[in-house]
Amino acid sequence: CRDHIYIGKNLVKEKRLAVTTKDADIKGNKLCEPIFNIYQVTLDVSGKLSDLAEKNQLKKYWLIRTWDADDKEMDITVKFINGYVPLCTEEDGDDDRLINGKKSEKSLLELIDFEPGAPKTFLHLAKTALNPKDDGRFSGIEALGVFKADIDNLGYIFAEGIKHQSLSRLATLSRQINNFFSVYLPYVIANDKRFRDIYTVFAGGDDLFLIGPWNRIVDLAVFINNKFSNYVCENQEITLSAGITVHKPTDPVPHLRDASEDALEASKTQGDGSKKNSITLFGETVTWKDFYELRMIEKTLDDWLEKGFINPAMLFRLALISRMAKLENIFTLKDEGIYRDDWQCLKWRSMLRYTLVRNVGCGMKTEERQKAIQEVEKVAEWITRFRGAMIIPIWCVIYNRR
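Fair warning: this is a prediction, and the values are worked out from it, not measured in the lab.

*Asks:* I keep staring at the nonpolar core and nothing clicks. Help me out?
*Replies:* Across soluble globular proteins, nonpolar side chains have a tendency to be buried as a group. Counting residues in each nonpolar core, the largest one holds 76 residues, and the members touching the most others are F147 and I310. For this core, the leading source of residues is helix α7 (residues 214–231), giving nine residues. Residues in contact with I310, not counting those within four places in the same chain, are L301, W304, L305, L315, V360 and V376. By size, the runner-up hydrophobic cluster in this structure holds ten residues, among which are V12, A126, Y199 and F209.

The following block contains the structure:
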């Protein structure tokens, strides 16, 4: 048990790993029980390893973290074992988000009594989802986002994607796909300030599993899909499907895993089963193209709130109306089993019109209010097109402002 803890704890802290024979004179910490009673492992690499190499006691010496390596370390053979893990720093002690809101004494101690260099807890990550306001306070919900994704139809790509197949070409294709997830992605997360609080639970092969602040996860999903599309030269036959779920930081890890896996499966089996190249968020599945448009709608809704065209209460009404529009679409495709109460959803257009006239631009002068209503009337077109998926931009705005 001690050896498992030693390896797990230091994989996220140390840069180098050495495998030696069990009788090697290792200066730092090492395993209590050599592997197969033959090999010794240390991540606390110290002393002159050249002496061990001359005695044929040094079997492997790897650099396992590259995003902050210096020139001397880059002379070591690289082995992409560990993904990026956000670690606590002394600067985190000055982050007012950690003490924002009411917390139990136990939770407060977890947030402020940390050791620099220790992995951040889920509670830390949820806190970093808060957004600073101009008055020094914070808005938004403290929640985790879980992101799972993988490449669509990978077996078909390997079987039919190369005209003149050979073992070397298949190996190259496999290696290049793996490099995007295991090499490039951890480097980006470690070096981009927007994503530094995101765990790479798993990133390699053709899929990935990430946990972080819910809103940063949504931003990262768009970034990953754009970069992956560029990486495969905009090849329309090589695409990603993804699922995002939002959770409390106290939710069990198996629940996070299962919920995100269900969301990913929804992206791959939507409709007739052929609709991949999609993403699922808040239980709604859309293509990546539509997801980009919905994110632009999110910015528009946020802008309308800033201008006073709409108020937060109206967003909840729009969420209800978008659900009614989704039900209308479902019921009109059914041949039987439709009841009179089901048709209540057909009122969504009249409810929307009433909501616009009643709530848009309250407090504005008549002429300004009419212009605001004409602007917000775009919502009718959006709901007609996206139906239930309109809750994606709506809930993103609500959760970021709550």
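*Asks:* What is the right way to read a nonpolar patch on the surface from this model?
*Replies:* Judged by side-chain polarity, I35, F36, I38 and Y39 come together as a nonpolar surface patch covering roughly 420 Å² of accessible area. Take I38: it is sitting in the loop between β1 (16–21) and β2 (39–42). Relative accessible area serves as the criterion here: at 45%, I38 is assigned to the partly exposed category.

*Asks:* Whenever I open this one, the pairing of strand β11 (residues 278–281) confuses me. Can you help?
*Replies:* Burial of β11 is two-sided: the residues S278 and T280 facing one way and the residues I279 and L281 facing the other way are all buried. In the sheet, strand β10 (residues 240–247) pairs with β11 via three bridges, with the strands oriented parallel. Paired with A242 across the strands is I279, a residue of β11. Across four bridges, the pairing between β11 and strand β12 (residues 284–287) is antiparallel. Considered in β12, the bridge of I279 is made with V286. Following β11, the chain reverses through two residues before pairing antiparallel with β12; F282 in that reversal takes a positive phi of roughly 55 degrees.

*Asks:* Which parts of the structure should I look at to understand helix α14 (residues 391–401)?
*Replies:* Along an α-helix, residues three or four positions apart point the same way, because every turn accommodates 3.6 residues. Buried residues dominate α14, accounting for nine of its eleven residues. Looking only at α14, the buried set comprises I391, I392, P393, I394, C396, V397, I398, Y399 and N400.

*Asks:* Please clarify how the packing of helix α9 (residues 288–307) against α14 should be interpreted in this entry.
*Replies:* A pair of packed helices can be characterised by two numbers: the angle between their axes and the separation between those axes. Running from amino to carboxyl end, α9 crosses α14 at an angle of 45 degrees, the nearest separation of the two axes being 8 Å. The angle between the axes of α9 and α14 places the two elements in the oblique class. Considering how the two elements wind past one another, α9 and α14 form a crossing that is right-handed. Residue-level inspection shows F291, L294, I297, E298, L301, D302, L305 and E306 of α9 in contact with α14, the latter providing I392, P393, I394, C396, V397, N400 and R401. When its residues are assigned to classes, the contact of α9 with α14 shows ten nonpolar, one polar and four charged.

*Asks:* Before we go on, may I ask you to explain the layout of surface pockets in this structure?
*Replies:* Rolled over the atoms, a probe sized like a water molecule indicates the empty space that remains. Considering only enclosed or pocket space, the largest pocket measures out at about 510 Å³ in volume. Contributing to the lining of the largest pocket are 18 residues, with N131, E298, D302, C396 and N400 lying nearest its centre. Elements with a minimum of two residues in the lining of the largest pocket: β5 (131–132), α7, α9 and α14. Among the residues forming the lining of the largest pocket, the class breakdown is five nonpolar, four polar and nine charged.

*Asks:* Quick question: what am I supposed to make of the sheet that holds β10 here?
*Replies:* Whenever strands of a sheet pair, they do so through backbone hydrogen bonds, lying parallel or antiparallel. The strand order across the open sheet built from six strands is β8-β9-β7-β10-β11-β12, with neighbouring strands paired in mixed fashion. In this open sheet, the two edge strands, each paired with only one partner strand, are β8 (199–204) and β12. Strand after strand, the sheet turns through a mean of 15 degrees between neighbouring axes, direction not considered. Across the sheet, helix α8 (residues 253–268) lies against β7 (144–151), β9 (207–213), β10, β11 and β12, angled at about 140 degrees from β10, the strand it touches most.

*Asks:* Please explain empty space enclosed by the protein as it appears in this structure.
*Replies:* Under the counting rule described, the total for this entry stands at two cavities of 30 Å³ or more. Here the largest cavity defines a volume of roughly 40 Å³. A per-class count over the lining of the largest cavity returns six nonpolar, three polar and one charged. Approximately 40 Å³ is the volume found for the second largest cavity. Lining the second largest cavity are D92, D95, L98, K120, H124 and T128. Partitioned by chemical class, the residues of the lining of the second largest cavity number one nonpolar, two polar and three charged.

*Asks:* Can you help me understand the sheet that holds β1 in this one?
*Replies:* In space, the four strands of this open sheet follow the order β2-β1-β3-β4, with mixed pairing throughout. In the strand order of this sheet, the two ends are held by β2 and β4 (77–78), each with one partner. Of the pairings in the sheet, the one linking strand β3 (residues 58–63) to β4 comprises two bridges and is parallel in character. Bridge pairing links W62 to T77 in β4.

*Asks:* When you look at the side chain of T355 in this model, what are you seeing that I'm missing?
*Replies:* Tracing the backbone shows T355 in helix α11 (residues 348–359). Look at T355 and you get buried, because its relative accessible area is 6%. Apart from residues lying up to four places away in sequence, T355 is in contact with M314, R317, I321 and V360.

*Asks:* Can you help me understand the pattern of salt bridges in this one?
*Replies:* Side chains bearing opposite charge may pair, as long as their charged atoms lie close to each other. This model, assessed by the stated rule, comprises 25 salt bridges. Notably, a salt bridge pairs R194 with D192, separated by 2.7 Å at the nearest N-O pair. The exposure class assigned to R194 is partly exposed, which follows from its relative accessible area of 48%. Its relative accessible area of 18% is what places D192 among the buried residues.

Cut-off values and rules
- Residues numbered from 1 in each chain as written.
- Predicted model: local features only at pLDDT ≥ 70, side-chain atom pairs only at ≥ 80, totals over all residues.
- Heavy atoms only, no water.
- Core = buried A, V, L, I, M, F, W, Y, C linked by side-chain atoms within 4.5 Å.
- Buried < 20%, exposed > 50% of the residue type's maximum accessible area, 1.4 Å probe, protein only.
- Helix = DSSP H or I, 4+ residues; strand = E, 2+ residues; numbered from the N terminus.
- Contact = heavy atoms within 4.5 Å.
- Patch = residues over 30% accessible without salt bridge, like charges linked within 9 Å, V, L, I, M, F, W, Y side chains within 5 Å.
- Areas by Shrake-Rupley, 256 points an atom, 1.4 Å probe, with all protein chains shown as cover.
- Salt bridge = Lys/Arg side-chain N within 4 Å of Asp/Glu carboxyl O.
- Pairing = 2+ DSSP bridges.
- Axes fitted to C-alpha atoms, helices over the stretch in contact; angles between N-to-C directions.
- Parallel < 35°, antiparallel > 145°, perpendicular 65-115°, else oblique.
- Left-handed = near helix turned anticlockwise from the far one by under 90°.
- Nonpolar A, V, L, I, M, F, W, Y, C, P; charged D, E, K, R; others polar.
- 1 Å grid on protein atoms, 1.4 Å probe; cavity = no way out; pocket = protein on both sides within 12 Å on 5 of 7 lines; lining within 4 Å.
- Points joined across faces, edges and corners; volume = space filled by probe spheres on them.

By themselves, these figures tell us nothing about what the structure is for.
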